[in-house]
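# Remarks on the overall topology
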Amino acid sequence: MMKKGLSSLFYSSPVGVMEIRGDRSYIYQITFLKEGVPPGRSDKSSPLLEQCRSQLDEYFAGARKSFDLPLLLQGTPFQKSVWEELAKIPYGKTLPYSEIADLIGKPKAVRAVGGANHSNPVSIIIPCHRVIGKNGSLTGYGGGLWRKQWLLEHEMAHIS
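Position numbers for residues count from 1 along each chain, tracking the sequence in the order it is written. This being a predicted model, a pLDDT of at least 70 is required before a residue's local features are given, and a value of 80 or more before pairs of side-chain atoms are given or counted; all residues contribute to the totals for chains, interfaces and linings. Neither water nor hydrogens contribute to the side-chain values; these are computed over all heavy atoms in the structure.

## Observations regarding the sheet that holds strand E1 (residues 7-13)
Just so we agree on the cut-off: Any two strands with at least two DSSP bridges between them are considered paired. In this text, helices come from DSSP runs of H or I with a minimum length of four residues, and strands from runs of E with a minimum of two, each type numbered from the N-terminal end. Here an angle of 0 to 180 degrees is reported between the N-to-C directions of two axes, which are lines fitted to C-alpha atoms, with helices fitted over the stretch in contact. Whether two residues are in contact is decided by their heavy atoms, any of which lying within 4.5 Å being enough.
An order of E1-E2-E3 is seen for the three strands of this open sheet, with the pairing classed as antiparallel. The open sheet has two edge strands with one neighbour each: E1 and strand E3 (27-32). With direction set aside, neighbouring strand axes in the sheet form an average angle of 20°. Here five bridges tie strand E2 (residues 16-22) to E3, and the two strands are oriented antiparallel to one another. Pairing of Gly 22 across the sheet is with Ile 27, part of E3. Here helix H1 (residues 47-60) sits on the sheet in contact with E1, E2 and E3, set at roughly 15° to E1.

## A few points about the pattern of salt bridges
Stated precisely, the cut-off is as follows: In the sections that follow, a salt bridge refers to a side-chain nitrogen of Lys or Arg positioned within 4 Å of a carboxyl oxygen of Asp or Glu. Only protein chains enter the accessibility calculation, which uses a 1.4 Å probe; a residue whose area is less than 20% of its type maximum is buried, one above 50% is exposed, and one in between is partly exposed.
The final tally for this structure, using the stated rule, is four salt bridges. A salt bridge links Arg 53 to Glu 50, with the nearest nitrogen and oxygen atoms 3.2 Å apart. Taken as a pair, Arg 53 and Glu 50 lie in helix H1 at a separation of three residues, close to a single helical turn. The salt bridge involving Glu 58 is made with Arg 64; its shortest N-O contact spans 2.7 Å. Judged by relative accessible area, Arg 64 falls into the buried class, the value being 19%.

## Here we look at the nonpolar core
We apply this condition: Here the nonpolar core consists of buried residues drawn from Ala, Val, Leu, Ile, Met, Phe, Trp, Tyr and Cys, with membership extended through side-chain atoms lying within 4.5 Å.
The biggest cluster of nonpolar side chains holds 37 residues, and the ones touching the most others in it are Ile 20, Ile 27, Leu 56, Leu 86 and Ile 124. Of all the elements, H1 adds the most residues to this core, at six residues. With sequence-adjacent residues up to four places away left out, Leu 86 is seen in contact with Ile 100, Asn 117, Ile 126, Pro 127, Cys 128 and Val 131.

What follows is the structure, given as structure tokens:
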């Protein structure tokens, strides 16, 4: 059951169905669904969720490189510091987990950075798919490594 004022929109992307959750003021969560829209569930949208859908459409068309949406992120101060750094990674670029740890002033917290990355509540908007292993390998992605690879290849194909 959804909280009063909370809206949910199902978005069919090239990498699967995503659920966008928010209210009139903020986006709270964007997650990949494992098996499409659950039976009996339908959109309870809002203008902000429609704006998010539009920006995702532009991203997947290769026309949008960054997002301009109000986010309300629920997490620990450490997680939020990681997410702030993730948001700074430019379109089509990648950084290793260890560099994110260095940037937040916690060079020994590489595994914790991975955990915060995994807990990112707004996939694609905060580009956790742009974080890779120190050796350049694709490691860990809550949406599945195939999605991470697709998103990175998509961005590389649309760099101007």
